[in-house]
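A closer look at the structure
The chain contents come next:
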Amino acid sequence: MADEQAATGEAPVFQIQRVYLKDLSLEQPNSPQILVEQGQPNVDINLQVEVAPIAEGMFEVAVTATVTTTLGERTLFLCEAKEAGIFEIRNIDPEQMQPILGIACPGIVYPYLRAVVADVISRAGFPPVHLAEVNFQAMYEAQQGQVAGNA
């Protein structure tokens, strides 16, 4: 493939066109009563990565975090944020394309998502929830293993 690129003069292209907040919601369904209750809340965090082609050589990669915090059986708050990026990716070996979209691109978008989640939760009057670092390579490989297992 490298010889082919050299012969055609087409160098690989990987550019970030834009990173943006695509969706954000915060719910406090049991406020204000639950805010005066004492106890250690339970925090559940779910991450999801989505990839969508938007034009020739252009892809949107979105990472969604859903943070559900409960106190006993009742929800303290629910925060869902989706941060996305538009990436221009051209002249890349097809075998490398999926790992780039599933590992490198989410790794670029994720720090922005972490900042948004911590900020919105603290603005809601709660101690900020700092999302842990994520190994997108391990996450990608686990998803590939599930796909292979289902095939």
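As recorded by an unreviewed UniProt entry, the protein carries the name Protein-export protein SecB and is attributed to Leptothrix discophora. Per its UniProt entry, the protein bears the Subunit (unreviewed entry) comment "Homotetramer, a dimer of dimers. One homotetramer interacts with 1 SecA dimer." The protein has a UniProt comment under Subcellular location (unreviewed entry) that states "Cytoplasm".

With respect to the element layout, Glu60 can be found in strand S3 (residues 58-71). Overall, the relative accessible area of 13% leaves Glu60 in the buried class. In terms of polar contacts, Glu60 uses its side chain to reach the side chain of Lys22, at 3.0 Å. With near-sequence residues (within four places) excluded, Glu60 lies in contact with Tyr20, Lys22, Glu50, Val51, Ala52, Ile54, Ala84 and Gly85.

The terminal C-alpha atoms of helix H3 (residues 136-150) lie 21 Å apart, and with 15 residues this matches the ideal 21 Å at 1.5 Å per residue to within 8%. All of the buried residues in H3 are Phe136, Met139 and Tyr140. An end-on view of H3 places all buried positions within 100° of arc, on one side of the element. Facing away from the buried surface of H3 by more than 90 degrees, the exposed residues are Ala148 and Gly149.

For the rest of this paragraph, the subject is the side chain of Thr70. Structurally, the position occupied by Thr70 is in strand S3. Thr70 has contacts with Pro41, Asn42, Thr75 and Leu76, leaving out every residue within four places of it along the chain.

We now examine the pattern of salt bridges. Applying the stated criterion across every chain yields a total of 6 salt bridges. Across the pair Glu50 and Lys82 runs a salt bridge, and its minimum N-O distance is 3.2 Å. On the criterion of sequence distance, the pair formed by Glu50 in strand S2 (residues 42-55) and Lys82 in strand S4 (residues 74-90) is long-range, its members being 32 residues apart. Taking relative accessible area as the criterion, Lys82 reaches 19% and is therefore assigned buried. Between Glu88 and Arg90 there is a salt bridge whose closest N-O contact spans 2.7 Å. Classification of Glu88 by relative accessible area gives buried; the value is 15%.

This paragraph deals with the packing of aromatic side chains. One pass over the full model with this rule turns up 3 aromatic pairs. Each ring, one from Tyr110 and one from Phe136, has its centre 5.5 Å from the other, and the planes form 75°; the classification is edge-to-face. One end of the pair, Tyr110, is in helix H2 (residues 94-123); the other, Phe136, is in helix H3, and 26 residues separate them in sequence. Pair check on accessibility: Tyr110 and Phe136 agree, each one buried.

The next thing to look at is the layout of surface pockets. By volume, the largest pocket amounts to about 210 Å³. Lining the largest pocket are 14 residues; nearest its centre among them are Pro41, Thr69, Leu76, Phe126 and Pro127. Breaking the lining of the largest pocket down by element, the ones donating at least two residues are S3 and S4. Taken together, the residues of the lining of the largest pocket sort by class into 10 nonpolar, 3 polar and 1 charged. If you add up the space inside the second largest pocket, you get close to 150 Å³. If you list the elements that add at least two residues to the lining of the second largest pocket, you get S2, H2 and H3. Considering every element that reaches the lining of the second largest pocket, the biggest residue donor is H3, with 5 residues. Of the residues in the lining of the second largest pocket, the class split is 6 nonpolar, 4 polar and 1 charged.

Parameters at a glance
- Residues numbered from 1 in each chain as written.
- Predicted model: local features only at pLDDT ≥ 70, side-chain atom pairs only at ≥ 80, totals over all residues.
- Heavy atoms only, no water.
- UniProt positions renumbered as here; feature names shortened; annotations may be inferred.
- Helix = DSSP H or I, 4+ residues; strand = E, 2+ residues; numbered from the N terminus.
- Buried < 20%, exposed > 50% of the residue type's maximum accessible area, 1.4 Å probe, protein only.
- Polar contact = N/O pair within 3.5 Å; in protein donor to acceptor, adjacent residues only side chain to side chain.
- Contact = heavy atoms within 4.5 Å.
- Expected span 1.5 Å × (residues − 1).
- Arc of directions from axis to C-beta.
- Salt bridge = Lys/Arg side-chain N within 4 Å of Asp/Glu carboxyl O.
- Phe/Tyr/Trp six-rings, centres within 6.5 Å; stacked < 30°, edge-to-face > 60°.
- 1 Å grid on protein atoms, 1.4 Å probe; cavity = no way out; pocket = protein on both sides within 12 Å on 5 of 7 lines; lining within 4 Å.
- Points joined across faces, edges and corners; volume = space filled by probe spheres on them.
- Nonpolar A, V, L, I, M, F, W, Y, C, P; charged D, E, K, R; others polar.

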